[in-house]
Amino acid sequence: MSDTRTITIFDTTLRDGEQSPGASMNLNEKMEIAQALGDLGVDIIEAGFPIASPGDFEAVREISGALRDTTICGLARCNEKDIDRAWEALKHAEKPRIHVFLATSAIHREFKLKMTPEKIIETAIAGVTRAVGYCDDVEFSPEDAARTEHDFLCEVVERAIEAGATTVNIPDTVGYATPEQMGETIEMLVNRVPNIDKAVVSVHCHNDLGLAVANSLAAVANGAGQIECTINGIGERAGNCSLEEVVMAMRTRGDFYDCRTRIETERLVPTSRLVAAVTGIQVQRNKAIVGRNAFAHEAGIHQDGMLKERTTYEIMRPEDVGFAKTDLVLGKHSGRAALADRARALGFRLTGQQLQNVFEQFKVLADKKKEIYDGDIAALIQQELDDVTNEEWSLSSFKVTASTDGAPHVSLTLERGGETFTEELSDGDGPIDCVFWATEKITGISVVCKEYHVRSATIGRDAQGEATLMVEHQGQTYRGRGVSTDTVEATIRALLNAVNRIAAALDDGAAEPTSTVD
Ligand code: KIV
Ligand code: ZN
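This one's a predicted model, so the numbers in the text were calculated from it and none came from an experiment.

With respect to the overall build of the chain
Inference 1: The secondary structure content of the chain amounts to 18 helices and 18 strands.
Inference 2: Taking 24 Å as the expected radius of gyration for a compact globule of 518 residues, we find that the chain reaches 24 Å, a close match to that expectation.
Inference 3: Based on the C-alpha atoms only, the size of the chain along its principal axes is roughly 75 × 60 × 40 Å.
Inference 4: Classification of the 518 residues of the chain by burial places 52% in the buried group.
Inference 5: In the chain, the proportion of contacts linking residues at least 24 apart, taken out of those at least 6 apart, comes to 68%.
Inference 6: Summed over all atoms, the accessible surface of the chain reaches about 22,500 Å², with 48% contributed by carbon and sulfur.
Inference 7: Between the mean site of the 53 positive side-chain charges and the mean site of the 82 negative ones, the chain shows a separation of 4 Å.

Some words on the coordination of the zinc ion (ligand 2)
Inference 1: At 2.0 to 2.1 Å from the zinc ion (ligand 2) lie its protein donor atoms, namely Asp16 (OD), His204 (NE2) and His206 (NE2).
Inference 2: Positions of the donor residues of the zinc ion (ligand 2), expressed as sequence spacing, correspond to D-x187-H-x1-H. Here Asp16 is found in the loop between strand E2 (8-11) and helix H1 (27-40), whereas its partner His206 is found in the loop between strand E8 (200-205) and helix H8 (212-221), with 190 residues between them in sequence.

So, the sheet that holds strand E6 (residues 138-143)
Inference 1: In spatial order, the strands read E2-E3-E4-E5-E6-E7-E8-E9; together these eight strands close into a barrel with parallel pairing. Across this sheet, the average inter-strand angle for adjacent strands is 25 degrees, counted without regard to direction.
Inference 2: Pairing of E2 with strand E3 (residues 44-48) involves two bridges; the strand directions are parallel. Across the sheet, Asp11 pairs through a bridge with Ile45, a residue of E3.

Section: the site of ligand 1
Inference 1: Lining the immediate surroundings of ligand 1 are Arg15, Asp16, His99, Phe101, Ser141, Glu143, Asn169, Pro171, Thr173, His204 and His206.
Inference 2: Arg15 is positioned such that a nitrogen or oxygen atom in its side chain is 2.9 Å from an oxygen atom of ligand 1.
Inference 3: Expressed as a share of its isolated accessible area of 260 Å², the protein-covered part of ligand 1 is 97%.
Inference 4: Among the elements of the structure, strand E5 (96-103), E6 and strand E7 (167-172) are those that each provide at least two residues to the shell around ligand 1.
Inference 5: Residues of the shell around ligand 1, tallied by class, amount to two nonpolar, six polar and three charged.

What to know about the sheet that holds strand E14 (residues 409-416)
Inference 1: Reading across from one edge, E13-E14-E15 is the order of the three strands in this open sheet, with antiparallel pairing throughout. The sheet is open, and its two borders are formed by strand E13 (394-401) and strand E15 (419-425), each paired with just one other strand. Averaged over neighbouring strand pairs, the angle between their axes works out to 10 degrees when direction is ignored.
Inference 2: Packing against the sheet, helix H17 (residues 431-443) makes contact with E13, E14 and E15, and its axis sits at approximately 35 degrees to E14.

Comments concerning the domain arrangement of the chain
Inference 1: Taken domain by domain, the chain holds domain 1 (5-279), domain 2 (336-385) and domain 3 (394-508).
Inference 2: Here domain 1 and domain 2 have C-alpha centroids that lie 34 Å from each other.
Inference 3: Between domain 1 and domain 2, the residue contacts involve eleven residues of the former and nine residues of the latter.
Inference 4: Buried surface at the junction of domain 1 and domain 2, summed over both partners, amounts to about 1,000 Å²; 44% is from carbon and sulfur atoms.
Inference 5: Counting the surface domain 1 buries against domain 2, the share from its top three residues, Glu32, Asp39 and Arg267, is 41%.
Inference 6: Here domain 1 is connected to domain 2 by two salt bridges.
Inference 7: Note that Arg349 is salt-bridged to Asp39, the shortest N-O span being 2.6 Å.

Some thoughts on helix H7 (residues 179-192)
Inference 1: In this model H7 runs 20 Å from its N-terminal to its C-terminal C-alpha over 14 residues, within 8% of the 20 Å that 1.5 Å per residue would give.
Inference 2: Here H7 has its buried residues at Met182, Gly183, Thr185, Ile186, Met188 and Leu189.
Inference 3: Considering only its buried residues, H7 is in contact with helix H6 (150-163), E7, E8 and H8.

Examining the pattern of salt bridges
Inference 1: A full pass over the atoms with the stated rule returns 39 salt bridges.
Inference 2: Across the pair Glu88 and Lys91 runs a salt bridge whose closest N-O atoms are separated by 2.8 Å.
Inference 3: With relative accessibility at 36%, the residue Glu88 sits in the partly exposed group.
Inference 4: For Glu314, the salt bridge is made with Arg310, and the minimal N-O distance between the two is 3.4 Å.
Inference 5: Taking the relative accessible area as the measure of exposure, Arg310 reaches 30% and is therefore partly exposed.

Concerning the packing of aromatic side chains
Inference 1: Under the counting rule described, the total for this entry stands at six aromatic pairs.
Inference 2: Residues Phe256 and Tyr257 carry aromatic rings whose centres are separated by 5.0 Å and whose planes lie at 85 degrees to one another, so their mutual orientation is edge-to-face.
Inference 3: Exposure remark for Phe256: the relative accessible area of 59% places this residue in the exposed category.
Inference 4: Taking the relative accessible area as the measure of exposure, Tyr257 reaches 18% and is therefore buried.
Inference 5: Residues Phe295 and Phe323 carry aromatic rings whose centres are separated by 5.6 Å and whose planes lie at 70 degrees to one another, so their mutual orientation is edge-to-face. Here Phe295, found in the loop between helix H11 (268-279) and helix H12 (300-308), pairs with Phe323, found in the loop between helix H13 (318-321) and strand E11 (328-330); they are 28 residues apart in sequence, far enough to count as distant.
Inference 6: On the basis of relative accessibility, which here comes to 16%, the residue Phe295 falls in the buried class.
Inference 7: Positioned above the aromatic ring of Phe57 is the side chain of Arg85, whose terminal nitrogen or guanidinium carbon lies 3.7 Å from the ring centre.

Overview of the pairing of strand E18 (residues 476-484)
Inference 1: Counting buried positions along E18 gives eight out of nine residues, so the element sits mostly inside the fold.
Inference 2: The antiparallel pairing of strand E17 (residues 465-473) with E18 creates a hairpin that spans two residues between the two strands, and Gln474 there sits at a positive phi of about 45 degrees.

Overview of the side chain of Ser64
Inference 1: If you trace the backbone, Ser64 turns up in helix H2 (residues 54-66).
Inference 2: The class of Ser64 is buried, set by a relative accessible area of 0%.
Inference 3: The residues contacting Ser64, other than those within four sequence positions of it, are Ile72, Ala89, Leu90, His92, Ala93 and Glu94.

What counts as what
- Residues numbered from 1 in each chain as written.
- Chains lettered and ligands numbered in written order.
- Predicted model: local features only at pLDDT ≥ 70, side-chain atom pairs only at ≥ 80, totals over all residues.
- Heavy atoms only, no water.
- Helix = DSSP H or I, 4+ residues; strand = E, 2+ residues; numbered from the N terminus.
- Rg over C-alpha atoms; globule rule 2.2 N^0.38 Å.
- Buried < 20%, exposed > 50% of the residue type's maximum accessible area, 1.4 Å probe, protein only.
- Contact = heavy atoms within 4.5 Å.
- Areas by Shrake-Rupley, 256 points an atom, 1.4 Å probe, with all protein chains shown as cover.
- Lys, Arg positive; Asp, Glu negative; His and termini not counted.
- Charge placed at Lys NZ, Arg CZ, Asp CG, Glu CD.
- Donors = N, O, S within 2.8 Å, 3.2 Å for Na, K, Ca; no water.
- Pairing = 2+ DSSP bridges.
- Axes fitted to C-alpha atoms, helices over the stretch in contact; angles between N-to-C directions.
- Near = heavy atom within 4 Å.
- Polar contact = N/O pair within 3.5 Å; in protein donor to acceptor, adjacent residues only side chain to side chain.
- Nonpolar A, V, L, I, M, F, W, Y, C, P; charged D, E, K, R; others polar.
- Domains from an automatic or database assignment.
- Buried area = accessible area lost by both parts, 1.4 Å probe.
- Salt bridge = Lys/Arg side-chain N within 4 Å of Asp/Glu carboxyl O.
- Expected span 1.5 Å × (residues − 1).
- Phe/Tyr/Trp six-rings, centres within 6.5 Å; stacked < 30°, edge-to-face > 60°.
- Lys NZ or Arg CZ within 6 Å of the ring centre and 35° of its normal.

Structure (structure tokens):
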């Protein structure tokens, strides 16, 4: 009989992933991603850090109510308030998990927490005990474990398990470990902690040295049973272990790792595209598994080999990770069912009303454009998801002129609560700068533009233009996205999208950064 292990996939796209600068998501976007993660087959979704903001709390609560087959996890520091708040958000979940964490490395103990090792143990035990009082499934993370002295790490892990932790997660918080070292640490814990068999050993690797996937695999090879990861590897700084890479490594090299996961790998590309569209963090072309070039063969010798026998140059089949054979999909005569089908293939799950709205926009676009590609559909859907956010400001009309002969001119009319506000300006370094000034004057929200991109959503001169931008307001980064066949209009919509996010965050009282600092 085979003793192939099934590795638990713990997805933290909605928590650690959301900590990527500018990646904060609204409730609709989080729900959309949570549904996609459920369809993908992840075992656990870390849906947020409930104490961090009302928005995080709401997301954990809503996702707990909506996904009944997946374990839903909420993060908490080792203190009563955090844990109580996490439970408040999770209590209606079918399968709740509380994840408590406390830093253990000497650097964190001395400079961040100012706690003695004894105090750390006492606090960890108290935190796990409180969480266990609420639910049976409790995960404990000694933050910065990879830089924690082995003897102390063993003691903390043993005491956390004794207090009732059912999963002990070993984070490489700053991405400092190497694969050999991570493997040795897991092996050391498995051999030295007497009650280790009472808990699942997990690993949580950051990618500062580009080693997060390698470190996670080394942990698995040495006994870890759970991997924490994110779609597209997004997360703090250089990000986390990439779910699609680690899952496909275990599947493709099952001969070596002798383990499997429950991931529906054909959903990887649609889920990756969804996360990229929602967060605005695009995947590089050459990204393993889900990048546009991941299965593109350019060299003649390779193409020749591929034609003779695919496996000469391909270790995975594109269809196994969800690449469609063609992306030319719909036209003027396509119906709602075809659109719904394509939307699902792209990773979106639309409600009846959302589908109806997108379908109406689709018909308008189909009148302007003969061929509608996946990129067009994704752009329309994303626009719909953006639109249902707490839209405080919306575009009523605009007129922009630019020439080589004089200052640009803008006349912009925005709407808020049924009232319209107009600003006329002849100033700025070009029409886009002028649009920024006019928007700022009307909304009273001033921003510093950190990034601005315009790209075509698909091929062809009639393609929709997609504008994305990152702006800073009071030290926080916000993203915006807008789509139109007119690129100036797309830019205005992107700016309003960012302004609306700022307005919503200010209403939410979430101007403070989501922080994992104790
Ligand atoms: O990187 C880290 O240490 C974390 C913990 C909260 C698990 O994200
Ligand atoms: Zn982390």
